[in-house]
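Geometric and topological summary
What follows is the residue order along each chain.
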Amino acid sequence: MDDSFILKHVDHTLLSATASWDDIDRICKEAVEYNTASVCIPPCYVKRVRSAYPDITICTVVGFPLGYDVLAVKAIAVQAAIDNGADEIDMVINIPDVKNGDFDTISTEIQVLKQITGSRILKVIIETCYLTDDEKIELCKIITDSGADYIKTSTGTGSAGATLEDIKLFKKHIGPDVKMKAAGGIRTEEDMIAFLEEGCSRLGTSSAVKILKDEKAGEY
């Protein structure tokens, strides 16, 4: 698996609370140079990046990182992101709803946000580190039935990130139209290859370009 193939599946991510414009501009330049799938950036930078990089694919986050904003707030945030130029939305589900067994509310939330995103990509972050396997399985079914495009493992801010075990579980329970994104704790080339070989279509990481550039300088 060559580096260019890996990078085409990477959402080149910078969601740090202290990210400056210089930081965001740097990852955008890297995304263009290395042809990553997208840049994943804070909502406050979407409009500026769209202006500076009209052809780049912009991913941003909603309900990040804890997910417990009410639906009305998430809906406004999704619409604002789209109005500012976002191509893809990574939303965090309401984890308290999961813990309360209120899966109908989660289904409604995803359906409403997918209706707003329309043809744009909606990825649903379930934050696997906080969930039981039974909860993960139920969310696989809900995400499939709700029309979202991706199930995503993690925000990268929880107590743990992506695991191959969770991706294998997803594969058994998602529908054929749902893709998988692994994120959180992906810090080596071996990690990236393993998740792609297991069937992930996207990887969320801030490290991919640096890892591959440092290990194989001049190969691109």
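In what follows, the structure referred to is the one given above.
Residues numbered from 1 in each chain as written. Predicted model: local features only at pLDDT ≥ 70, side-chain atom pairs only at ≥ 80, totals over all residues. Heavy atoms only, no water.

**As for the packing of aromatic side chains**
Two aromatic rings are characterised by how far apart their centres lie and by the angle between their planes. This is how it is decided: Think of it this way: a Phe, Tyr or Trp ring, Trp meaning its six-membered ring, pairs with another when their centres are within 6.5 Å, and the plane angle makes it stacked under 30 degrees, edge-to-face over 60, tilted otherwise. Helix and strand definitions here come from DSSP, where helices need a minimum of 4 consecutive H or I residues and strands a minimum of 2 consecutive E residues; each element is numbered from the N-terminal end. Exposure is judged per residue with a 1.4 Å probe applied to protein chains only, and the accessible area is read against the type maximum: over 50% gives exposed, under 20% gives buried, and values in between give partly exposed. Ring-over charges, as used throughout, are those where CZ of Arg or NZ of Lys falls within 6 Å of the ring centre and within 35 degrees of the ring normal.
Overall, the coordinates contain one aromatic pair when judged by the stated rule. Summarising the aromatic geometry, the rings of Trp 21 and Tyr 45 are spaced 6.1 Å apart at their centres and angled 40° between planes, so their arrangement reads as tilted. Of the two residues, Trp 21 sits in helix α2 (residues 21-34) while Tyr 45 sits in the loop between β2 (38-41) and α3 (46-52), which places them 24 residues apart along the sequence. Here Trp 21 falls in the buried class, since its relative accessible area comes to 18%. Here the guanidinium or amino end of Lys 123 rests over the ring plane of Tyr 150, the centre of that ring lying 5.9 Å away.

**Some details on helix α6 (residues 103-117)**
Worth spelling out the cut-off: Here the expected length of a helix is defined as 1.5 Å per residue gap, with one fewer gap than residues. To obtain the arc, one takes the directions from the helix axis to the C-beta atoms. Here, residues are in contact when the closest pair of their heavy atoms is within 4.5 Å.
With 15 residues, α6 extends 21 Å from end C-alpha to end C-alpha; this agrees with the ideal 21 Å at 1.5 Å per step. All of the buried residues in α6 are Phe 103, Ile 106, Ser 107, Glu 109, Ile 110, Leu 113, Lys 114 and Thr 117. Considered in projection along α6, the buried side chains sweep an arc of 160° and stay on one side of the axis. Residues of α6 that are exposed and angled more than 90 degrees away from the buried face: Asp 104 and Gln 115. In this structure, the buried side of α6 is in contact with α4 (71-84), β4 (88-92), α5 (95-99), β5 (121-125) and α7 (133-146). Phi turns positive one or two residues past the end of α6, at Gly 118, with a value near 60°.

**A short note on unusual backbone geometry**
Each neighbour pair has its own omega, and for Phe 64 with Pro 65 the value is 0°, a cis peptide bond. A positive phi is found at Glu 127, a non-glycine position, where the angle reads about 55°. Relative to the helices and strands, Glu 127 is located in the loop between β5 and α7.

**Side note on helix α9 (residues 189-197)**
In an α-helix, one full turn covers 3.6 residues, which means residues spaced three or four apart are oriented alike. Buried within α9 are the following residues: Glu 189, Met 192, Phe 195 and Leu 196. Buried positions in α9, seen along its axis, are confined to an arc of 135° and lie on one side of it. Facing away from the buried side of α9 by over 90 degrees, the exposed positions are Glu 190 and Glu 197. Just downstream of α9, Gly 199 is the residue with a positive phi angle, here 120°.

**Brief notes about the environment of Lys 114**
Here Lys 114 shows up in helix α6. Given the relative accessible area of 14%, Lys 114 is considered buried. Separated by 26 residues in the primary sequence, Lys 114 and Cys 140 place their C-alpha atoms 16 Å from one another. If we skip the residues at most four places from it in the chain, Lys 114 touches Arg 120, Leu 122, Ser 146, Gly 147 and Asp 149.

**Side note on the side chain of Arg 202**
Within the secondary structure, Arg 202 is located in strand β8 (residues 202-205). Those residues in contact with Arg 202, other than ones at most four positions away along the chain, are His 9, Asp 11, Ala 37, Ser 38, Glu 88, Ile 121, Lys 123, Tyr 150, Met 180, Lys 181 and Ala 182.

**Points about the sheet that holds strand β3 (residues 58-62)**
Sheet strands pair via backbone hydrogen bonds, and the direction of the pair is either parallel or antiparallel. The cut-off we apply is this: Strand pairing requires that DSSP identify at least two bridges connecting the strands. Under this scheme, a helix contributes an axis fitted over its contacting stretch, all axes are lines through C-alpha atoms, and angles between N-to-C directions fall in the 0 to 180 degree range.
Taken together, eight strands build a closed barrel; the order of strands is β1-β2-β3-β4-β5-β6-β7-β8 and the barrel is parallel. On average, each strand axis in the sheet is tilted by 25° relative to the strand beside it, whichever way the strands run. Where strand β7 (residues 179-183) and β8 come together, three bridges link them in parallel fashion. In the strand pairing of β8, Ala 183 is matched with Gly 204.

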